[in-house]
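Architecture at a glance
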Amino acid sequence: KNQVEQSPQSLIILEGKNCTLQCNYTVSPFSNLRWYKQDTGRGPVSLTIMTFSENTKSNGRYTATLDADTKQSSLHITASQLSDSASYICVVSAASAAGNKLTFGGGTRVLVKP
Amino acid sequence: DTEVTQTPKHLVMGMTNKKSLKCEQHMGHRAMYWYKQKAKKPPELMFVYSYEKLSINESVPSRFSPECPNSSLLNLHLHALQPEDSALYLCASSQGSGGPYEQYFGPGTRLTVT
């Protein structure tokens, strides 16, 4: 069964500090891995998409890494801002005849405090 | 224009009502999706349309009926829902359903079934 596990479930950080979120997956056949940011009550917004051959990708203060051998990914937030408070969801896509099927992780809820 | 719009934003309906959720995108995307999201949980895939044809139905109860009238529009018809169907319903679209295409999510419709 395809699964995506994220850790921690939640964390609190002070404004200006860095943090790293983890994602472990067992999805086959692997197509790509995405990180989304979701504000409460809103739709997710894509931060990064990485395929098998990519091991790092940045989007502003967000940097995602992918180790396809160990099936792990991380999302690093640099110099956090209050607006970074949100849920961060790791999503892994498996290729299928009907198209890519996404498996969502449970998310990490980040709260940035002043 | 990278926007997916959804209407209505909020919907309250009784268990005997019939209502519809609407989703629209003008990015020329050929894949559209319906997700259901309960509080503090990740989105769960319900349906995928590819080139206006239903390609994935994740064993969703028949009280939810999707419709794709054209490549820009996606509807979700609701009938005889249960209180446990109360959730945030998210629509998304992507260039295609296969490959590392980014999924763009709408803001969601907050549905309450009384």
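1. Some points on the nonpolar core
- Ranked by size, the top nonpolar core spans 26 residues in total, and within it L21, Y25, L33, W35, L75, Y88 and V92 of chain A carry the most contacts.
- Mapped onto this core, the elements with two or more residues apiece are β2 (10-14), β3 (19-26), β4 (30-38), β5 (45-51), β7 (62-67), β8 (72-77), β9 (86-94) and β11 (108-113) of chain A.
- When residues of this core are assigned to their parent elements, the largest contribution, 5 residues, is made by β9 of chain A.
- Membership of the second largest hydrophobic core comes to 23 residues, among which are L11, M27, F64 and L74 of chain B.

2. Quick word on the interface of chain A and chain B
- Between chain A and chain B, the residue contacts involve 21 residues of the former and 21 residues of the latter.
- With both sides pooled, the region where chain A packs onto chain B buries about 1700 Å², and carbon together with sulfur makes up 57% of that total.
- Here chain A is connected to chain B by 0 salt bridges.
- Summed over the shared surface of chain A and chain B, the result is 2 residue pairs in polar contact (both at pLDDT 80 or more).
- Counting residues per element, the ones that place at least two in the side of chain A that touches chain B are β4, β5 and β10 (101-104) of chain A.
- Counting residues per element, the side of chain A that touches chain B draws most heavily on β4 of chain A, at 4 residues.
- Counted by class, the side of chain A that touches chain B contains 7 nonpolar, 10 polar and 4 charged residues.

3. A closer look at the sheet that holds strand β1 (residues 4-7) of chain B
All names here are of chain B.
- Within the open sheet, the 4 strands sit side by side as β1-β3-β8-β7. Their pairing is antiparallel. The open sheet has two edge strands, β1 and β7 (64-70), and neither has a second partner. Shown here is a sheet whose adjacent strand axes are inclined to one another by a mean of 20°, direction ignored.
- Here β1 runs beside strand β3 (residues 18-25); their pairing, made up of 4 bridges, is antiparallel.

4. A look at the state of the cysteines
- Taken as a whole and judged by the stated rule, the model has 2 disulfides over all chains.
- Between the sulfur atoms of C23 of chain A and its disulfide partner C90 of chain A the distance amounts to 2.0 Å. A torsion of -65° about the S-S bond marks the disulfide between C23 of chain A and C90 of chain A as left-handed. Of this pair, C23 of chain A sits in strand β3 while C90 of chain A sits in strand β9, placing them 67 residues apart in sequence.
- Under the relative-accessibility criterion, C90 of chain A is labelled buried at 0%.
- Each sulfur in the disulfide pair C23 of chain B and C91 of chain B lies 1.8 Å from the other. Negative torsions about the S-S bond denote left-handed disulfides, and the value of about -70° found for C23 of chain B with C91 of chain B makes this one left-handed. One end of the pair, C23 of chain B, is in strand β3; the other, C91 of chain B, is in strand β9 (residues 87-94), and 68 residues separate them in sequence.
- With no disulfide of its own, C19 of chain A lies closest to C90 of chain A among cysteine sulfurs, the gap being 15 Å.
- Here C68 of chain B stays unpaired: no disulfide links it, and the sulfur of C23 of chain B, its closest cysteine neighbor, is 9.3 Å away.
- On the basis of relative accessible area, C68 of chain B is assigned to the buried category, the value being 13%.

Conventions adopted
Residues numbered from 1 in each chain as written. Chains lettered and ligands numbered in written order. Predicted model: local features only at pLDDT ≥ 70, side-chain atom pairs only at ≥ 80, totals over all residues. Heavy atoms only, no water. Core = buried A, V, L, I, M, F, W, Y, C linked by side-chain atoms within 4.5 Å. Buried < 20%, exposed > 50% of the residue type's maximum accessible area, 1.4 Å probe, protein only. Helix = DSSP H or I, 4+ residues; strand = E, 2+ residues; numbered from the N terminus. Contact = heavy atoms within 4.5 Å. Buried area = accessible area lost by both parts, 1.4 Å probe. Salt bridge = Lys/Arg side-chain N within 4 Å of Asp/Glu carboxyl O. Polar contact = N/O pair within 3.5 Å; in protein donor to acceptor, adjacent residues only side chain to side chain. Nonpolar A, V, L, I, M, F, W, Y, C, P; charged D, E, K, R; others polar. Pairing = 2+ DSSP bridges. Axes fitted to C-alpha atoms, helices over the stretch in contact; angles between N-to-C directions. Disulfide = S-S within 2.5 Å.

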